[in-house]
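Tertiary structure, described
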Amino acid sequence: MEYFALTDIGKVRNKNQDQAVAAINGKDQILGLVCDGMGGHKAGEIASHVVEDHVLTCFRGIPPFIDEEEVENWLMDTVLEAHQIVKRMANMDEDTKGMGTTAAIAVVMDEQVYTCHVGDSRIYLYDENGIEQLTRDHTLVNELIERGAISKEQGKNHRQKNILMQAIGADMDIVPEMNKVDLNGRNVLICSDGLYNNLSEQDMIKILRKKDMIKNKVHELINQANEQGGSDNIAVVLIEGGI
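Throughout what follows, the structure given in this document is the object of discussion. (Residues numbered from 1 in each chain as written. Predicted model: local features only at pLDDT ≥ 70, side-chain atom pairs only at ≥ 80, totals over all residues. Heavy atoms only, no water.)

1. Observations regarding unusual backbone geometry
Glycine aside, a negative phi is what most residues show, and trans is what most peptide bonds show. At Asp110, a position not held by glycine, the phi torsion is positive, near 55 degrees. Structurally, Asp110 can be placed in the loop between strand 5 (103-109) and strand 6 (112-118). Residue class for Asp110 comes out exposed when judged on its relative accessible area of 65%. The phi angle at Asn184 is positive, at roughly 50 degrees, despite the residue not being glycine. (Helix = DSSP H or I, 4+ residues; strand = E, 2+ residues; numbered from the N terminus. Buried < 20%, exposed > 50% of the residue type's maximum accessible area, 1.4 Å probe, protein only.)

2. Describing the layout of surface pockets
In this model, the largest pocket occupies a volume close to 760 Å³. Lining the largest pocket are 27 residues; nearest its centre among them are Arg122, Asp137, Lys152, Lys156 and Tyr196. Mapped by element, the contributors of at least two residues to the lining of the largest pocket are strand 7 (122-127), helix 3 (140-146), helix 4 (152-156), helix 5 (193-196) and helix 6 (201-208). Along the lines of polarity and charge, the residues of the lining of the largest pocket split into 6 nonpolar, 11 polar and 10 charged. Size it by volume and the second largest pocket reaches roughly 470 Å³. Forming the boundary of the second largest pocket are 18 residues, of which Arg13, Asp36, Gly37, Asp193 and Asp232 lie nearest the centre. Among the elements that take part in the lining of the second largest pocket, strand 3 (residues 30-38) stands out by supplying 3 residues, more than any other. (1 Å grid on protein atoms, 1.4 Å probe; cavity = no way out; pocket = protein on both sides within 12 Å on 5 of 7 lines; lining within 4 Å. Points joined across faces, edges and corners; volume = space filled by probe spheres on them. Nonpolar A, V, L, I, M, F, W, Y, C, P; charged D, E, K, R; others polar.)

3. A few points about the side chain of Asn187
By secondary structure assignment, the location of Asn187 is in strand 10 (residues 187-191). At 2.8 Å, the side chain of Asn187 forms a polar contact with the backbone nitrogen of Gly241. (Polar contact = N/O pair within 3.5 Å; in protein donor to acceptor, adjacent residues only side chain to side chain.)

4. Remarks on the sheet that holds strand 10
Read across the sheet, 5 strands follow the order 1-11-10-7-8 without closing on themselves; strand pairing throughout is antiparallel. Taken across any chain shown, the strands that pair with only one partner, and hence form the sheet edges, are strand 1 (2-8) and strand 8 (130-133). Across this sheet, the average inter-strand angle for adjacent strands is 20 degrees, counted without regard to direction. Taken together, the 7 bridges between strand 1 and strand 11 (residues 234-240) define a ladder with antiparallel strand orientation. Across the sheet, the residue bridging to Glu2 is Glu240, located in strand 11. (Pairing = 2+ DSSP bridges. Axes fitted to C-alpha atoms, helices over the stretch in contact; angles between N-to-C directions.)

5. Here we look at the packing of aromatic side chains
Each aromatic ring pair is summarised here by two numbers: the centre-to-centre distance and the angle between the ring planes. Across all of its chains, the model carries 3 aromatic pairs by this definition. Counting every residue linked through ring pairs, the aromatic cluster contains Phe59, Phe65 and Trp74. Its guanidinium or amino end placed over the ring of Tyr196, Arg122 lies 3.5 Å from that ring's centre, counting from NZ or CZ. (Phe/Tyr/Trp six-rings, centres within 6.5 Å; stacked < 30°, edge-to-face > 60°. Lys NZ or Arg CZ within 6 Å of the ring centre and 35° of its normal.)

Quick look at the structure:
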């Protein structure tokens, strides 16, 4: 499999608080991670970087996973540890108070993808036939949609669409959401809201189904999101087994 990760500041923000990383271990198990930091000054940037560094260090510091239970336990433990680390750091300084970050993590192993996420960074599966959102946004607007209070269309431009119900480092208990799915020849996209708020799923799949180098696809996704407004930082990770 191939993988590539990249972030971009976008066209509006004055700093980049997104992180994107991909790595592989000795058993060809692939990790992909996107974090979208929040908080004033440099706080969001710090939070997302701390989580990226913690997850990557833990992945590189352990032997390859031997079974489903091991990878699922690792995902949950690592995300909860990251939450506690960011919470402690947030309370150490006035400049970092209130900082937090989303996290969307995927581990590809044995033709399956194991995911764990907190917040509204998303994980999709895609192939030549289409694209499917695998994660559920932990946002106030998504809760309203799920309760039937508003429609999906109303949610797109809702004035409270950026309010997170869960975030790593926030002063709350989090419940990371886990999933395990057979790939069945599909590929993995992980991204921050800077991509999907500026680029429709139809526009994404036009790029993703191209017979092109994975690096070029990531660059084109980001370029197109910027052309459509670039209203936020953009983070993208692709993991492909061939398309």
